Amino acid sequence: EPIKVGRDFSRIESMGVGFAAGFVDGMIDSEGYINPKYTDIANQDIMLLELTAKFLGMIGHKARIYGPYPYARGVAHLRVSKPLHKTK
């Protein structure tokens, strides 16, 4: 069963810093954007954003979740207060 379907993120939470960096890169590629002042990842899945924030912490970046916003169909934003660069 895919991890997101089963909601069992514990299977990937202990996979190490290299995995965390790759996961964050993938989230930025698929759900985020980088501008000169911050990095933002938007999604309706709060648990997924919380996991991403945990992985950001593992690689040395503090992040905060804003929302979800009802006017944006329940989308929340995970924000890092600086532009991040891909690890690969």
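Use the structure listed above.
Rules of the game
Residues numbered from 1 in each chain as written. Predicted model: local features only at pLDDT ≥ 70, side-chain atom pairs only at ≥ 80, totals over all residues. Heavy atoms only, no water. Pairing = 2+ DSSP bridges. Helix = DSSP H or I, 4+ residues; strand = E, 2+ residues; numbered from the N terminus. Axes fitted to C-alpha atoms, helices over the stretch in contact; angles between N-to-C directions. Contact = heavy atoms within 4.5 Å.

Participant: Run through the sheet that holds strand β3 (residues 63-69), naming residues and quoting values.
Facilitator: Pairing between the strands of a sheet is mediated by backbone hydrogen bonds and can be parallel or antiparallel. A sheet is described by the order of its strands in space; here four strands give the open sequence β1-β2-β4-β3, paired in antiparallel fashion. Whereas interior strands pair on both sides, the edge strands pair on one side only; in this sheet they are β1 (32-34) and β3. Strand-to-strand twist of the sheet, defined as the mean angle between neighbouring strand axes without regard to direction, takes the value 20°. One ladder, built from three bridges, connects β1 with strand β2 (residues 39-43); its direction is antiparallel. Its bridge partner being in β2, G32 is matched across the sheet by I41. Its contacts with the sheet place helix α3 (residues 17-31) against β1 and β2, and it is angled at close to 70° to β2. Against the sheet, helix α4 (residues 46-58) touches β2, β3 and β4 (75-80), its axis set at about 5° to β4.

Such coordinate-based values are descriptive only and should not be taken to indicate function.
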